[in-house]
Amino acid sequence: MNSEALLQTESVERLKSIVRGMEEEKGRKITACVITFGCQMNARDSEKLSGILSEAGFELSEDEASDFVIYNTCTVRDNANQRVYGRLGALYAMKKKHPDKKIALCGCMMQEPSVIEKIKKSYSFVDLIFGTHNIYRFASLLCRMYEEGSMVVEIWDKAETIVEDLPIVRKYPFKSGVNIMFGCDNFCSYCIVPYVRGRERSREPKDILREIEVLAADGVKEVMLLGQNVNSYGKGLDVPVSFSELLSMVSEIEGIERIRFMTSHPKDLSDDLIRVMRDTPKVCRHLHLPLQSGSTKLLEVMNRRYTKDQYLELALRIREAIPDLAITTDIIVGFPGETDEDIEDTLEVIRRVKFDNAFTFIYSPRTGTPAASMEQVPDKLTKERFDRLLKLVQDTAREAVSKYEGQVMDALVEEINEHDPSLLTGRLSNNTIVHFPGEPSLIGQIVPVELRECKGFYYLGEIVI
Ligand code: SAH
Ligand code: SF4
Ligand code: F3S
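Below is a short write-up of the structure.

### A short note on the site of ligand 1
No. 1: For ligand 1, the set of nearby residues contains 15 residues, the closest of which are Gln228, Pro290, Gln292, Asp330 and Ser364.
No. 2: Within the contact set of ligand 1, a nitrogen atom lies 2.8 Å away from a backbone nitrogen or oxygen of Ser364.
No. 3: When the free accessible area of ligand 1 is taken as 540 Å², the share hidden by the protein chains comes to 90%.
No. 4: Of all the elements in the fold, those that place two or more residues in the shell around ligand 1 are β13 (326-333) and β14 (357-362).

### So, the site of ligand 3
No. 1: Around ligand 3 lies a shell formed by Cys39, Asn42, Cys74, Thr75, Val76, Cys108, Arg197 and Gln228.
No. 2: Across the shell around ligand 3, the residue classes tally to four nonpolar, three polar and one charged.

### Describing the nonpolar core
No. 1: By size, the foremost hydrophobic cluster in this structure holds 66 residues, and its most contacted members are Val223, Leu225, Phe243 and Phe261.
No. 2: Apart from the residues within four sequence positions on either side, Val223 is in contact with Ser176, Val178, Ile212, Leu215, Val250, Ile256, Arg258, Ile259 and Arg260.
No. 3: Listed in part, the 28 residues of the second largest apolar core include Ile18, Leu49, Phe58 and Val152.

### Considerations on the pattern of salt bridges
No. 1: Within the structure shown, the criterion is met by 46 salt bridges.
No. 2: Across the salt bridge formed by Arg14 and Glu147, the nearest N and O atoms sit 2.8 Å from each other. On the criterion of sequence distance, the pair formed by Arg14 in helix α1 (residues 3-26) and Glu147 in helix α5 (residues 138-148) is long-range, its members being 133 residues apart.
No. 3: In this structure Arg14 comes out as partly exposed when scored by relative accessible area, which is 39%.
No. 4: Linking Arg352 and Glu348 is a salt bridge whose minimum nitrogen-to-oxygen distance equals 3.5 Å. Taken as a pair, Arg352 and Glu348 lie in helix α12 (residues 340-353) at a separation of four residues, close to a single helical turn.
No. 5: Under the relative-accessibility criterion, Arg352 is labelled partly exposed at 43%.
No. 6: What makes Glu348 partly exposed here is its relative accessible area of 28%.
No. 7: What you see here is one network of salt bridges that share partners, running through Glu4, Arg137, Arg144, Glu148 and Glu154.

So, how was this worked out
Residues numbered from 1 in each chain as written. Chains lettered and ligands numbered in written order. Predicted model: local features only at pLDDT ≥ 70, side-chain atom pairs only at ≥ 80, totals over all residues. Heavy atoms only, no water. Near = heavy atom within 4 Å. Polar contact = N/O pair within 3.5 Å; in protein donor to acceptor, adjacent residues only side chain to side chain. Areas by Shrake-Rupley, 256 points an atom, 1.4 Å probe, with all protein chains shown as cover. Helix = DSSP H or I, 4+ residues; strand = E, 2+ residues; numbered from the N terminus. Nonpolar A, V, L, I, M, F, W, Y, C, P; charged D, E, K, R; others polar. Core = buried A, V, L, I, M, F, W, Y, C linked by side-chain atoms within 4.5 Å. Buried < 20%, exposed > 50% of the residue type's maximum accessible area, 1.4 Å probe, protein only. Contact = heavy atoms within 4.5 Å. Salt bridge = Lys/Arg side-chain N within 4 Å of Asp/Glu carboxyl O.

Honestly, it's all geometry; don't read function into it.
Right, dumping it as structure tokens:
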């Protein structure tokens, strides 16, 4: 264990006695609630926050009325920020009634100096603020918060080390995200992630494999390898290992039955990766391959480093190599300078690739990124184009998803259906959701399901015995 991990272990011990003290004073358990905004990276970070809170003796809860509430924030688009400010208002009302309540903020939004200024000025009731680079110091920061009694703010502008061996509480016992790398070096001109998550750093393969072995021994069947651009995994390691090599190594771990990964940048997707995906049954039949735009002109301004034709060639080559693979994508509408012609190019790519799903986003200018100072497209035009694009995406996706009607496929049972408790909800290898009658004891199992009826983006089915 390195010195930093040791310091955190000591801090957890200090926290335990702080929590015990509060329990004695209040005559009950002390509760903590972690709320996550944003992507799978943040979700995984939140599991680390929960791990430390649980180790320190807090009772984890999903109720924001808890004694301690932490928001793990996202700033990829402005609406993510607005949601945080809105919900902070509600937390303040609770804190006025219960002054002992503690409120913390962390994550990507906190790496922006303007956000910190705003919180200090207008949300001074917040007790603790830290960023993405010092999240592993959560235990010692929490101690400071309880001991100092005034707002604690600690933001680092870059990451010092990758700290291994933090305690973790997983949201699902049977599946888990696994970070294989942190940060991003691509600097797409619209994107704030490289500024708030720092430079790209890969974890050592041995650390990743050991983590997955421990997860498998603990009952995890499905892992999702996480990175902003997994295809460039391995750069800067003492002994470089490519992403496709890592994927093969992970597939050899006994007990792991499904492997997913997020996200693939088209410019770095290798032939080797296509081959490993095709030949490794444990690798799920799903590839998320963000397009962003179908216009070569806009792709260049976005700094994506591929053209419309290169994307099409790649996607169609993958479709041919692995016909049962679902391809999903991200698309931005309203990027500076976008014209009707550019939208037509994007629509054409959608028609030709026939995405199984596409997440469409309205461009949101992010302070400090090159695109924010370019001439913006009027909202009205963007809204009309967005609706047009969404309609096509929905039609194509419905067609792509419904291809498997009548077939039997394996589903990993994830939970009881939210709306109808007599149904279970499972996920197919190609990431499509299926709902079917069944006993909750099946949660965490992989079961064969007949896909009876396609309902657009999901199926209704029956377990086949
Ligand atoms: N690393 C991933 C994406 C991370 S952000 C990748 O390169 O694909 C997730 C998605 O948010 C992006 O794919 C993009 O479509 C969208 N996005 C990022 N910045 C945005 C912005 N400023 N406005 C609107 N959408 C944005
Ligand atoms: Fe953002 Fe581009 Fe990096 Fe993805 S690859 S996180 S879109 S800069
Ligand atoms: Fe958001 Fe940070 Fe992820 S900005 S999308 S939570 S890396």
